[in-house]
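The lines below spell out each chain.
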Amino acid sequence: MQKEIWKPVKNYEGLYEVSNFGRMRSLPKEWMAGWNSVTRSHKGFLLKPGKGRDGYLSVSLSKEGKIKHHSVHRIVLQSFIGESVLDCNHKDGDKENNYLNNLEYCSTSENIKHAYRTGLKSNKGEKGSAAKLNNAIIRNIRENKFNLTKAELAACFEVSISNIKMIISRKTWVNVS
C-alpha cells in the first residue's frame, strides 16, 4: 500500500500542501482581523476541488488577499516532479484521477495522440471538433416529422443542403440509427 506524502505548493509555501494522492490542504494560520486587531486562526483543512467546464479538477488558492485558480494535476506534477512547459497527461484518461503515478509530462502532440488512442477525443460524429450537430439532431433530421424541405432543414440547423442530403442518405453519421 502506497503512503501519502505531502509537499508544499510552489509559490504558496507555508499556506498549502499537495499530496501524491492528488489531495490538497491548507495549513494552519493565524492572522490579525478587524479594527480591534483580534488574532484569528484556523486549524487547516482539506480543500474540496471544483470541476471546471473542461472536466479537470481545480482549486482556488489565496495569498496576500489575491485568489488564483489552479489545476490540481499541474500542482501535483510541479510539486513532485518540478515545473515544465510541457502538457500534463492523465495516463488512464480520467481527468479526476490526480494521483502522482497517473500523471506525466508530455508534448502537446503526444497528449493529443493519447487522447485519440484512449477515446477521449474523436474526429467522428458529435465528438468531432468541428461538429455542429449531435446524435439527437441527426435522428430528428432523418425523421423529419414536420416535412421540411432540405433547404429548410439546412437553415434550421445552420448546415449546408449537401450536408442534409448526406445525413438523410446515411453517407455521413452512419453510426446513428
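What you are looking at is a predicted structure, and each value in this text was computed from that prediction instead of being measured.

Counted by the stated rule, this structure contains 5 salt bridges. The shortest N-O distance in the salt bridge between lysine 10 and glutamate 83 comes to 3.0 Å. Of the two residues, lysine 10 is situated in the loop between β1 (6-8) and β2 (16-19) and glutamate 83 in the loop between α1 (72-80) and β10 (87-90); the sequence distance between them amounts to 73 residues. Take lysine 10: its relative accessible area is 39%, and that puts it in the partly exposed class.

The antiparallel open sheet is built from 3 strands, whose spatial order is β7-β8-β9. Each of the sheet's edge strands pairs with one partner strand only, and the pair in question is β7 (50-51) and β9 (66-71). Relative to strand β8 (residues 57-63), β7 is paired through 2 bridges, and the arrangement is antiparallel. The residue of β8 that forms the bridge with glycine 50 is serine 58. Packing against the sheet, α1 makes contact with β8 and β9, and its axis sits at approximately 85 degrees to β9.

Here we have 4 strands laid out as an open sheet, ordered β1-β2-β3-β6, and antiparallel in their pairing. Only two strands of the sheet have a single partner each, and these edge strands are β1 and β6 (45-46). Bridge count for β1 against β2 is 3 bridges, and the pairing is antiparallel. Note on β2: the bridge partner recorded for tryptophan 6 is serine 19. In the packing of α1 onto the sheet, the strands contacted are β1, β2 and β3 (24-26), and the crossing angle to β2 comes to about 90 degrees.

Scoring rules and cut-offs
Residues numbered from 1 in each chain as written. Predicted model: local features only at pLDDT ≥ 70, side-chain atom pairs only at ≥ 80, totals over all residues. Heavy atoms only, no water. Salt bridge = Lys/Arg side-chain N within 4 Å of Asp/Glu carboxyl O. Helix = DSSP H or I, 4+ residues; strand = E, 2+ residues; numbered from the N terminus. Buried < 20%, exposed > 50% of the residue type's maximum accessible area, 1.4 Å probe, protein only. Pairing = 2+ DSSP bridges. Contact = heavy atoms within 4.5 Å. Axes fitted to C-alpha atoms, helices over the stretch in contact; angles between N-to-C directions.

It is worth stressing that arrangement in space is one thing and function is another; only the former is reported here.
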